[in-house]
Amino acid sequence: MSNNAPISSKNLTKFYGKHRGISGVNLEINEGEVFGLLGPNGAGKTTCIRIFLDFIRPTSGSATVLGMDSRSESLEIRRNTGYLPGDFITYEKLTAEELLQYFANLRGGHLSKARVLAERFDLDLSRKIGELSRGNRQKVGLIQAFMSDPKLLILDEPTTGLDPLLQQEFHALVLEEAASGKTIFVSSHVLPEVEIICDRVGIIREGSIVAVEEVATLRKQTVTKIAIEFEEAVSKADFEKIAGVSEVAIKDHHLTCNVTGSLDSLIKLAAKYTVVNLQSGHPALEEVFLTFYNQSDETAKTAD
Amino acid sequence: MLLNVYLKSLRDSKKSIIYYSIGTMVLGLYVTLFYPTIRDSTGLTDFLEQLPEAMLAFIGDADTYTTPEGFLNAEVFGFMGPMIFGVFAIIAGAGTIAGEEESHSLDQLLANPVSRKNVLLQKAAALLTGLFVLSIALWIGIIGGSKIAGFGLSLIGTTQAIFSLYVLGGTLGLIALSVGASTGKKSLAGGLTASVGIIGFLLDTFLSVVEALDPLRFISVFYYFNHNDVIINGINPVHCFTLVAVVAIVLIVAVWRFEARDLRN
């Protein structure tokens, strides 16, 4: 395969005994992009990542990472790849500095970038990993993934369980690194995170990629739940007329509806009344999926 | 101490190496300092000769028991030495790869540019280094003790016997490491290897008296370790080489299996 894409997979399939991990995954990640693999727990995100890093081997199909075969050239791949899992587990008896030094030694690198990052994330490197809080431990993981300035970063649900402030800092770092030309592959089960940092998203469900979309496109198709409380009675029919608005329900001046894509028309109509309160809910991942499945069902029907 | 996997592994087992080395040195000292009371007790040989064969298989040879080498052969190399070396080696071997895998730190180690084969071999080397330190400590204990107690002891015989003990420990440790690397299961690695040691010990001692079981002693690691009574008769190169060959094969299989299999998540 003469494919120089940072990550490329062809019919990648993995079974654990009889249990499906992934089946027929075709992915093509572009250089310099932040690609999100979005899917619920158990969908196969970690399976993909563990194959890319050669921790497990595909049942069939193949993957190339940085243009190299994931199996035969894994050493060279890992030399140029940073990896951070959702739960960064490592040697608890080492201090953060010792661990980073150890990994830097294995990579033939040094700690200068690690120290800058530690300062930025306000991490005390002299403490033992085992004594660190979950968030601080994850910071160590983050630093070890980024410190060697790898060409590719593979992050498996990196912000799970982190507080929102730390998530924000983390997202900022990812965006900076991406701006400096790195390719970043990140898996997540929460849409908002993917929306913030990714250029493109692949949606994985039950081991198969069901859609790959630009985040902008995905956002247009995303259903947002809106609840508005008005001071006076409003006309249900007026709201039902707006394009993209569905499931309108009104009860005691409370309106709830689902909006696909832009909220602009809805907000402008609502603004004609006195709005007491407005809440928007992030759509559950399931609903994003449903939007996609409905669409692909419809496409299938049209094709029939 | 964090330059590579070998030094990191040594660092991990530093405390264990120190404590076990104190143990082997104390064993060497204790047995040698105790020896003169055995030498001076009259009638012990007569008593031993009356013991049933099965008991003598455990204790050692009645004729040589009161000589320094015979006494050490029974008291250090008959049971206590192999036990200490075996326990150290099996715990270290089972814990080093399978243990890391079960505690989930192996993924992160192997996310670095270091091959599985390389990790396995460096960890094996660390284990052998640990055993070497135990051996030196035992040697110092025995030789030092014999000087203090003021009796002569074959330096070459003692060194060879300790070397044979080292090979036995290495065999058990590397079997445990290999089973662990091949399966990722620490308790299986430890349990299976402990069985190899215990059954081997029984086959070469008590069970060797049962005639039907006698041919089975050839599958016992203890047979190859000290059937020759190394401290008295010198090392048997064929026996020693047999253990080394077994370990080499086990290691080759382990590298192959470890490289080929999926890591456990």
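Residues numbered from 1 in each chain as written. Chains lettered and ligands numbered in written order. Predicted model: local features only at pLDDT ≥ 70, side-chain atom pairs only at ≥ 80, totals over all residues. Heavy atoms only, no water.

**Notes on the domain arrangement of chain A**
Stage number 1. In terms of domains, chain A is made up of domain 1 (7-219) and domain 2 (223-282).
Stage number 2. On a C-alpha basis, the centroid separation for the pair domain 1 of chain A and domain 2 of chain A is 39 Å. (Domains from an automatic or database assignment.)

**Some details on the sheet that holds strand β4 (residues 60-65) of chain A**
Strand pairing in a sheet is mediated by backbone hydrogen bonds. Such pairs are either parallel or antiparallel.
Residues and elements named next belong to chain A.
Stage number 1. Taken in spatial order, the 4 strands of this open sheet run β2-β1-β4-β5, and their pairing is antiparallel. Two strands close off the open sheet at either side, each with one partner strand: β2 (19-29) and β5 (68-69).
Stage number 2. Examined bridge by bridge, strand β1 (residues 7-16) and β2 share 7 bridges and lie antiparallel to one another. When the sheet's bridge partners are listed, Ser8 is paired in β2 with Glu28. (Pairing = 2+ DSSP bridges. Helix = DSSP H or I, 4+ residues; strand = E, 2+ residues; numbered from the N terminus.)

**Describing the confidence of the model for chain A**
Keep in mind that low pLDDT regions are not for reading the predicted coordinates in detail.
Stage number 1. Of all residues in chain A, 92% have pLDDT values of 70 or greater, and the mean over the chain is 89.
Stage number 2. Note on residues 300-304 of chain A: pLDDT under 50 across the span, and 0 contacts to partners over four residues away in sequence or across chains. (pLDDT = per-residue confidence, 0-100. Contact = heavy atoms within 4.5 Å.)

**Regarding the packing of aromatic side chains**
Stage number 1. Under the defined criterion, the tally for this structure stands at 21 aromatic pairs over all chains.
Stage number 2. Look at Phe79 of chain B and Phe201 of chain B: their rings are 5.6 Å apart centre to centre, the planes differ by 55°, and that puts the pair in the tilted class. Residue Phe79 of chain B is found in helix α5 (residues 68-96), and its partner Phe201 of chain B is found in helix α10 (residues 186-204); the two are separated by 122 residues along the sequence.
Stage number 3. Judged by relative accessible area, which is 34%, Phe79 of chain B ranks as partly exposed.
Stage number 4. Measuring from centroid to centroid gives 5.3 Å for Phe201 of chain B and Phe222 of chain B, while their planes differ by 70°, and the two rings are edge-to-face. Of the two residues, Phe201 of chain B is situated in helix α10 and Phe222 of chain B in helix α11 (residues 221-226); the sequence distance between them amounts to 21 residues. The burial state of Phe201 of chain B is the same as that of Phe222 of chain B; both residues are buried.
Stage number 5. Chaining the aromatic ring pairs together yields one cluster made of Tyr30, Phe34, Tyr35, Tyr65, Phe71 and Phe151 of chain B.
Stage number 6. In this structure, Lys8 of chain B is placed above the aromatic ring of Tyr91 of chain A, and the distance from its NZ or CZ to the ring centre is 3.5 Å.
Stage number 7. Its end group placed over the ring of Trp256 of chain B, Arg257 of chain B keeps NZ or CZ at 5.4 Å from the ring centre. (Phe/Tyr/Trp six-rings, centres within 6.5 Å; stacked < 30°, edge-to-face > 60°. Buried < 20%, exposed > 50% of the residue type's maximum accessible area, 1.4 Å probe, protein only. Lys NZ or Arg CZ within 6 Å of the ring centre and 35° of its normal.)

**Brief notes about a negative patch on the surface**
Stage number 1. Taken together, the side chains of Glu119, Asp122, Asp124, Asp163 and Glu169 of chain A define an acidic patch exposed on the protein surface.
Stage number 2. Following the sequence through the fold, Asp163 of chain A ends up in the loop between β7 (152-156) and α6 (164-179). (Patch = residues over 30% accessible without salt bridge, like charges linked within 9 Å, V, L, I, M, F, W, Y side chains within 5 Å. Areas by Shrake-Rupley, 256 points an atom, 1.4 Å probe, with all protein chains shown as cover. Salt bridge = Lys/Arg side-chain N within 4 Å of Asp/Glu carboxyl O. Lys, Arg positive; Asp, Glu negative; His and termini not counted. Charge placed at Lys NZ, Arg CZ, Asp CG, Glu CD.)

**Some words on the environment of Ser262 of chain A**
Residues and elements named next belong to chain A.
Stage number 1. Position of Ser262 among the secondary structure elements: in the loop between β13 (254-260) and α10 (264-270).
Stage number 2. A relative accessible area of 56% means that Ser262 is categorised as exposed.
Stage number 3. Residues Ser262 and Cys198 lie 64 residues apart in sequence; the distance between their C-alpha atoms is 19 Å.
Stage number 4. In terms of polar contacts, Ser262 uses its side chain to reach the backbone amide nitrogen of Asp264, at 3.0 Å. (Polar contact = N/O pair within 3.5 Å; in protein donor to acceptor, adjacent residues only side chain to side chain.)

**Considerations on the interface of chain A and chain B**
Stage number 1. Taken together, the contact pairs 25 residues of chain A with 27 residues of chain B.
Stage number 2. Interface of chain A and chain B: buried area, both sides summed, is about 2400 Å²; carbon and sulfur atoms make up 51% of it.
Stage number 3. Along the contact surface separating chain A from chain B lie 3 salt bridges.
Stage number 4. Residues Arg50 of chain A and Asp107 of chain B are paired through a salt bridge, measuring 2.4 Å at the closest nitrogen-oxygen approach.
Stage number 5. Between the two partners, chain A and chain B, sit 19 residue pairs in polar contact (both at pLDDT 80 or more).
Stage number 6. Those elements giving two or more residues to the side of chain A that touches chain B turn out to be α1 (45-52), α2 (74-79) and α3 (96-107) of chain A. (Buried area = accessible area lost by both parts, 1.4 Å probe.)

**Some details on the sheet that holds strand β12 (residues 245-251) of chain A**
Residues and elements named next belong to chain A.
Stage number 1. Across the sheet, 4 strands lie side by side as β12-β13-β11-β14; this open sheet has antiparallel pairing. Each edge of the sheet is formed by a strand with only one pairing partner; in this case those strands are β12 and β14 (275-281). Adjacent strand axes in the sheet meet at a mean angle of 15° when their direction is disregarded. (Axes fitted to C-alpha atoms, helices over the stretch in contact; angles between N-to-C directions.)

**Examining the pattern of salt bridges**
Stage number 1. For the coordinates displayed, the defined rule picks out 23 salt bridges over all chains.
Stage number 2. Put simply, Asp264 of chain A and Lys268 of chain A hold a salt bridge, and the shortest N to O gap is 3.1 Å. You can see Asp264 of chain A and its partner Lys268 of chain A sitting in helix α10, 4 residues apart, about one turn around the helix.
Stage number 3. For Lys268 of chain A, a relative accessible area of 55% gives the class exposed.
Stage number 4. A salt bridge links Glu102 of chain B to Arg264 of chain B; the nearest nitrogen and oxygen atoms lie 3.7 Å apart. One end of the pair, Glu102 of chain B, is in helix α6 (residues 98-102); the other, Arg264 of chain B, is in the segment after α13 (237-260), and 162 residues separate them in sequence.
Stage number 5. Residue class for Arg264 of chain B comes out partly exposed when judged on its relative accessible area of 36%.
Stage number 6. One network of salt bridges, with partners in common, ties together Lys113, Asp149, Glu177 and Lys182 of chain A.

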